[in-house]
Amino acid sequence: MKPRVTLDGFKRTGKGAAPDLGPLEREVMEFIWRRPKRAAEVSVRDIHLAFDERLAYTTLMTTLDRLHKKGLLDRRKEGRAFFYSPRFSPDEFERGVARDVINMLLGRASAGVEPILACIIDAVSERDRAMLDELERLIKEKRRAVGRKE
């Protein structure tokens, strides 16, 4: 079972967690996520070469270490080198961040969850009617699944 993505290690600026990845951290993660599955592990040297050596090796080493400490990368040591691999796919990361933000909002709602849920529904319906239908389908599916467990 994969670990859950949480906002631990991210600043909470009100803009969500993804923007709190620095530009270089995001660029490195996107590079790692684009790699084929068979080449999932990456070293600092791999990234340094892929970025045409435009950044200092030590800068990339620090960036990968930071991403590891934030829980986005797994790391294994071989000799003196570390090899990194993503703990989450881009979709898993975004879903996890969204889940954590929603849980944080629901936990803060002293007046109940209705205002937050209404806000989500308003945002979805303003964007796309089909998305609202999909939300309704997902709710029905989740109710059936919960009903089976009880």
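Here the structure is a predicted model, which is why all the values come from computation and not from measurement.

What counts as what
- Residues numbered from 1 in each chain as written.
- Predicted model: local features only at pLDDT ≥ 70, side-chain atom pairs only at ≥ 80, totals over all residues.
- Heavy atoms only, no water.
- Helix = DSSP H or I, 4+ residues; strand = E, 2+ residues; numbered from the N terminus.
- Buried < 20%, exposed > 50% of the residue type's maximum accessible area, 1.4 Å probe, protein only.
- Contact = heavy atoms within 4.5 Å.
- Areas by Shrake-Rupley, 256 points an atom, 1.4 Å probe, with all protein chains shown as cover.
- Pairing = 2+ DSSP bridges.
- Axes fitted to C-alpha atoms, helices over the stretch in contact; angles between N-to-C directions.
- pLDDT = per-residue confidence, 0-100.
- Salt bridge = Lys/Arg side-chain N within 4 Å of Asp/Glu carboxyl O.

A few words now on the overall build of the chain. Assigned secondary structure in the chain consists of six helices and three strands. Along its sequence from the N terminus, the chain presents helices and strands in the succession α-β-α-α-β-β-α-α-α. For the chain, buried positions account for 24% of its 150 residues. Restricting to contacts in the chain with at least 6 residues of sequence separation, those with at least 24 account for 52%. As presented, the chain carries roughly 10,700 Å² of accessible surface, and 53% of it is formed by carbon and sulfur atoms.

Glancing now at the sheet that holds strand S3 (residues 81–86). Spatial strand order, S1-S3-S2: three strands in an open sheet with antiparallel pairing. Each having just a single partner strand, strand S1 (42–43) and strand S2 (73–78) make up the two edges of the open sheet. Against the sheet, helix H3 (residues 57–69) contacts S1, S2 and S3, and its axis sits at roughly 120° relative to S2.

Here we come to the confidence of the model for the chain. Here the chain shows a mean pLDDT of 82. Residues at 70 or above account for 81%. Per-element confidence in the chain ranges from a low mean pLDDT of 78 for helix H5 (residues 114–127) to a high of 96 for H3. Here residues 11–19 is a poorly scored stretch, pLDDT under 50, and it has twelve contacts once near neighbours within four places are set aside; other chains count.

When the charged atoms of two side chains with opposite charge come close together, those side chains can pair. Enumeration according to the criterion identifies twelve salt bridges in this entry. A salt bridge links Arg66 to Glu25, with the nearest nitrogen and oxygen atoms 3.6 Å apart. Separated by 41 residues along the polypeptide, Arg66 in helix H3 and Glu25 in helix H1 (residues 23–34) bring together distant segments of the chain. Under the relative-accessibility criterion, Arg66 is labelled partly exposed at 40%. With its nearest N and O atoms 3.5 Å apart, the salt bridge here joins Arg26 to Glu30. On the criterion of helical spacing, the pair formed by Arg26 and Glu30 is a turn pair, its members being four residues apart in helix H1. You can call Glu30 partly exposed: its relative accessible area is 34%. Within the structure, one salt-bridge network assembled from shared partners comprises Glu25, Arg66 and Lys70.

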